[in-house]
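Remarks on the overall topology
What follows is each chain in one-letter form.
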Amino acid sequence: MKVAIVHEWLDSYAGSERVLEQMLLCYPDAELFVLCDFLAEGQRGFLHGKVPHTSFLQRMPFARRMFRNYLQLMPIAIEQFEMRGFDLVLSSSHAVAKGVVTGPGTRHVSYIHSPMRYAWDLQGQYLRQSGSEGGLKGAYTRWLLHRLRLWDQASASRPDKLLANSRYIAERIRKTWRREAEVLHPPVDVAGFPMGTAPRTHFVVASRQVPYKRVELVAEAFRRMPDLPLLIAGDGPSAPLVAKAAEGAPNIQVLGRVSQPKLVELVQTARAFVFAAEEDFGIALVEAQAAGTPLICYGRGGAADIVREGETGLLFPDQSVDSIVNAVREFVREEARFHPTVCRLHAEDFSAEKFRERLLRAVAA
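Residues numbered from 1 in each chain as written. Predicted model: local features only at pLDDT ≥ 70, side-chain atom pairs only at ≥ 80, totals over all residues. Heavy atoms only, no water.

On to the overall build of the protein, then. Of the regular secondary structure elements, the protein holds 14 helices and 12 strands. Its C-alpha atoms give the protein a radius of gyration of 21 Å, near enough to 21 Å, the size a compact globule of 365 residues would have. Viewed in the frame of its principal axes, the protein has a C-alpha envelope of about 65 × 50 × 40 Å. A buried classification covers 54% of the 365 residues belonging to the protein. In the protein, the proportion of contacts linking residues at least 24 apart, taken out of those at least 6 apart, comes to 62%. Only carbon and sulfur atoms are counted for the fraction: they give 53% of the accessible area of the protein, which is about 16300 Å². Once the 45 positive and 41 negative side-chain charges of the protein are each reduced to a mean point, those two points are 4 Å apart. (Helix = DSSP H or I, 4+ residues; strand = E, 2+ residues; numbered from the N terminus. Rg over C-alpha atoms; globule rule 2.2 N^0.38 Å. Buried < 20%, exposed > 50% of the residue type's maximum accessible area, 1.4 Å probe, protein only. Contact = heavy atoms within 4.5 Å. Areas by Shrake-Rupley, 256 points an atom, 1.4 Å probe, with all protein chains shown as cover. Lys, Arg positive; Asp, Glu negative; His and termini not counted. Charge placed at Lys NZ, Arg CZ, Asp CG, Glu CD.)

So this is what it looks like as structure tokens:
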């Protein structure tokens, strides 16, 4: 069987690249197609020497630094890839990869990380963050996003089968594209977060500090609970807001960016991992479970697929300080119910090995 794997772009090793890595392990002889490839040499190991086919975007002016600025050209670029002769096309898509054009003799299965958020439900946030709300720039950007929505809707009919990384994304696919998707949770490196033996002494939140993560809400909640220590790891644009929310609270430590070994230690010794974001899935949550750590999470998004309510954690109903406080206090009262071994066994269901098994089964079905 001749297989092609289509991925949007390569510039870092992050969540979608973990999925690509497992796809390449499932189909080691597959040809790889990406819009552009600017991955650093030290991060290329997961490609196992494979040299991707790239599009004309690779050769555009200033593409290495500004390839995302060519968003309006990406639908054209993805449609230029020649897929004739392939029995199977497997795409990994959070923007345009699902829109690759295949013939009637080719099966196309697309793994959807998310429909294009900036073209659909997060358009307003995208316009604000890019400074494109008004004027000629705003009018052009709105027109561009309108055109992208039309293409996105039309191209969503091209794959023969859609796989969603969570029930939450499957719902978004149903809403935006009017299609059904099978849920296949992404692979998580559970082996990298073993259970520890040290006492569990604190609560932890570890996250990129960007607006939608709402880390400042967690800090504000723990200001109201001075008897409970909280450690905050991570950095990003919202770091000053988080620092201000934690300022003067003797029970809160803001650690900034930490090394991977330190992150594992923080999670292994935590009484619970607190998470206030509405996330597509939430790999960090599974990593915490792998370390035997219960979760206290906002109950929308991918967290609802990860937390077994009352067994491996608790879900709170609102992104608010009061809701977090109530959930943490409930956890403290019922802490004996949450056993680290149960959390660890649950996390193993999200392993890379399980992902590969399920991916191969989904493609064959």
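Along the chain, I112 falls in strand 4 (residues 107–112). Along the backbone, I112 and V183 are 71 residues apart, and their C-alpha atoms lie at a distance of 9.6 Å. Those residues in contact with I112 that sit more than four places away from it in its chain are S93, K98, L162, L163, A164, N165, I169, I173 and W177.

With 5 of 5 residues buried, strand 7 (residues 202–206) lies mostly within the body of the structure. Neither face of strand 7 is open: one carries H202, V204 and A206, the other F203 and V205, and all of them are buried. In this sheet, strand 10 (residues 270–275) lies alongside strand 7 in parallel orientation, the contact comprising 3 bridges. When the sheet's bridge partners are listed, H202 is paired in strand 10 with A270. (Pairing = 2+ DSSP bridges.)

Here L359 lies in helix 14 (residues 352–364). Its relative accessible area of 0% is what places L359 among the buried residues. Each C-alpha atom, one on L359 and one on W151, is 27 Å from the other, the two residues being 208 residues apart in sequence. Among all residues touching L359, those that are not within four sequence positions of it are M23, C26, L90, L163 and L184.

The next thing to look at is helix 12 (residues 321–333). Its 13 residues give helix 12 an end-to-end C-alpha distance of 19 Å, which sits within 8% of 18 Å, the value for a rise of 1.5 Å per residue. If you check which residues of helix 12 are buried, you get V321, S323, I324, V325, A327, V328 and F331. For helix 12, the elements touching its buried residues are strand 7, helix 7 (215–223), strand 10, strand 11 (295–298) and strand 12 (313–316). (Expected span 1.5 Å × (residues − 1).)

Right, let's talk about the packing of aromatic side chains for a bit. Considering all chains together, one arrives at 11 aromatic pairs under this definition. Ring geometry for F203 against F331: centres 6.0 Å apart, planes inclined by 75 degrees, an arrangement best described as edge-to-face. In this pair, F203 is assigned in strand 7 and F331 in helix 12, connecting sequence segments 128 residues apart. A relative accessible area of 0% means that F331 is categorised as buried. Grouped by ring-pair contacts, the aromatic residues F203, F222, F331 and F338 constitute a single cluster. One cation-aromatic arrangement involves K2 over F86; the distance from NZ or CZ to the ring centre is 4.8 Å. (Phe/Tyr/Trp six-rings, centres within 6.5 Å; stacked < 30°, edge-to-face > 60°. Lys NZ or Arg CZ within 6 Å of the ring centre and 35° of its normal.)

Read across the sheet, 6 strands follow the order 9-8-7-10-11-12 without closing on themselves; strand pairing throughout is parallel. A single partner strand is all that each edge strand has here, and the edge strands are strand 9 (252–256) and strand 12. Taken over all neighbouring pairs, the strand axes of this sheet differ in orientation by 20 degrees on average, direction set aside. Across 4 bridges, strand 7 lies against strand 8 (residues 230–233) in parallel orientation. (Axes fitted to C-alpha atoms, helices over the stretch in contact; angles between N-to-C directions.)

Right, let's get into the nonpolar core. In terms of nonpolar packing, the biggest core is built from 31 residues, with F203, F222, I296 and I324 touching the most fellow members. Broken down by secondary-structure element, the contributors of at least two residues to this core are strand 7, helix 7, strand 8, helix 8 (239–246), strand 10, strand 11, strand 12 and helix 12. Excluding anything up to four places from it in sequence, I324 contacts L217, V218, A221, V274, A276 and F316. Within the second largest apolar cluster, 29 residues are counted, among which are V204, L231, V267 and F273. (Core = buried A, V, L, I, M, F, W, Y, C linked by side-chain atoms within 4.5 Å.)

As a further point, take the sheet that holds strand 3 (residues 88–93). The strand order across the open sheet built from 6 strands is 2-1-3-4-5-6, with neighbouring strands paired in parallel fashion. If you trace the sheet from one side to the other, it starts and ends with strand 2 (31–37) and strand 6 (182–183), each paired once. Across 5 bridges, the pairing between strand 1 (residues 3–10) and strand 3 is parallel. Bridged to A4 within strand 3 is V89. Along the sheet, helix 1 (residues 15–26) contacts strand 1, strand 2, strand 3 and strand 4; its crossing angle with strand 1, the most-contacted strand, is approximately 160 degrees. With respect to the sheet, helix 14 is in contact with strand 3, strand 4, strand 5 (161–164) and strand 6, its orientation differing from that of strand 4 by roughly 140 degrees.

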